[in-house]
Amino acid sequence: ITLVSTDEDYEILSYLASNSIETLCKNKFGQFVIQKILDTFTQNDFIFKYVYYNFHNLITDCYGLLVVKKIIEKMKYKSKEFKISYEKNLWCNIELVIDNKYGHYGLIHMIKEWGIESCLFLIHFIPNNINSICFSIYAIKVCKFIIKNITEDNDVVSNFLFRYV
């Protein structure tokens, strides 16, 4: 990857990586390749697109989670609309992600990187599913993290959460 110096080299690399991206993302060593591509090049649309459409499968996989965490870090400075599209995608499978031994780490990382305000979908999920959350050690960890990190600046979040929980 460090030897890639021209646009043509990058095109070849992205073609090769895009053809085996699923294998790379879920592989002990392959995920390092994907992360290195993300760190080295600015145009990584094929990775962002793959992660978007496979978010649930990656965030609940031990190696895929590492790729998702890198994407979350890279998206920190992307537009709000871009983040919202990922949040909506995550919302479709939130029950499975919050109750997963890897997925809950991804949610906590998202809150750390993007701020709790950008994860309001999660705040709305908690009160409506409090019964199932109480039986999940992973979901409880996410809830503890949210409550621990609410500050006085988070009026919207704290008012909503404490009113219903």
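Structure's up top.
A quick note: this is a predicted structure, and the numbers were derived from the prediction, not measured.

Here is what the cut-offs are and how they apply
- Residues numbered from 1 in each chain as written.
- Predicted model: local features only at pLDDT ≥ 70, side-chain atom pairs only at ≥ 80, totals over all residues.
- Heavy atoms only, no water.
- Helix = DSSP H or I, 4+ residues; strand = E, 2+ residues; numbered from the N terminus.
- Buried < 20%, exposed > 50% of the residue type's maximum accessible area, 1.4 Å probe, protein only.
- Contact = heavy atoms within 4.5 Å.
- Areas by Shrake-Rupley, 256 points an atom, 1.4 Å probe, with all protein chains shown as cover.
- Salt bridge = Lys/Arg side-chain N within 4 Å of Asp/Glu carboxyl O.
- Polar contact = N/O pair within 3.5 Å; in protein donor to acceptor, adjacent residues only side chain to side chain.
- Patch = residues over 30% accessible without salt bridge, like charges linked within 9 Å, V, L, I, M, F, W, Y side chains within 5 Å.
- Axes fitted to C-alpha atoms, helices over the stretch in contact; angles between N-to-C directions.
- Parallel < 35°, antiparallel > 145°, perpendicular 65-115°, else oblique.
- Nonpolar A, V, L, I, M, F, W, Y, C, P; charged D, E, K, R; others polar.

Our focus in this paragraph is the overall build of the protein. Across its full length, the protein holds 13 helices and 0 strands. Mapped from its N terminus to its C terminus, the protein presents α and β elements in the order α-α-α-α-α-α-α-α-α-α-α-α-α. Looking at the 165 residues of the protein, the share that counts as buried comes to 45%. Pairs at least 24 residues apart make up 67% of the contacts formed inside the protein by residues separated by at least 6 positions. Total accessible area computed for the protein in this model is approximately 9500 Å², and 54% of it derives from carbon and sulfur atoms.

It is worth spelling out the pattern of salt bridges at this point. Applying the stated criterion across every chain yields a total of 3 salt bridges. Ionic pairing is found between Lys70 and Asp39, a salt bridge with its closest N-O pair at 3.2 Å. With Lys70 in helix α6 (residues 64-74) and Asp39 in helix α3 (residues 30-40), this pair connects stretches of sequence that are 31 residues apart. Relative accessible area serves as the criterion here: at 14%, Lys70 is assigned to the buried category. Its salt-bridge partner being Glu73, residue Lys70 comes within 4.0 Å of it at the nearest N-O pair. You can see Lys70 and its partner Glu73 sitting in helix α6, 3 residues apart, about one turn around the helix. Each of Asp39, Lys70, Glu73 and Lys74 takes part in a single network of salt bridges with overlapping partners.

Among the secondary structure elements, Asp99 is positioned in the loop between α8 (94-98) and α9 (103-114). Given the relative accessible area of 43%, Asp99 is considered partly exposed. Not counting residues within four places of it along the chain, the set of residues in contact with Asp99 comprises Ser136 and Tyr138. A distance of 2.4 Å separates polar atoms of two side chains, one belonging to Asp99 and the other to Ser136.

A word on a nonpolar patch on the surface. On the surface, Ile12, Tyr15 and Leu16 cluster together to form a nonpolar patch covering roughly 330 Å² of accessible area. For Ile12, the location among the structural elements is in helix α1 (residues 7-19). Judged by its relative accessible area of 46%, Ile12 falls in the partly exposed class.

Turning next to the environment of Asp61. For Asp61, the location among the structural elements is in the loop between α5 (55-59) and α6. Assessed through its relative accessible area of 19%, Asp61 is described here as buried. Measuring from C-alpha to C-alpha, the distance between Asp61 and Asn27 comes to 9.7 Å, with 34 residues separating the pair along the chain. Sequence-distant contacts of Asp61, defined by excluding residues within four places in its chain, comprise Cys25, Lys26 and Tyr102.

Mapped onto the elements, Ile94 comes out in helix α8. With a relative accessible area of 0%, Ile94 lands in the buried category. For the pair Ile94 and Phe125, spaced 31 residues apart in sequence, the C-alpha to C-alpha distance is 8.2 Å.

We now examine the packing of helix α4 (residues 45-53) against helix α7 (residues 80-91). Packing of α4 against α7 brings their axes to within 9 Å, and their N-to-C directions diverge by 30°. Comparing the axis directions of α4 and α7 gives the class roughly parallel. The segment α4 lies against α7, with Phe48, Val51, Tyr52 and Tyr53 engaging Phe82, Ser85, Tyr86 and Asn89. Among the residues making up the contact of α4 with α7, the classes are represented as 6 nonpolar, 2 polar and no charged.

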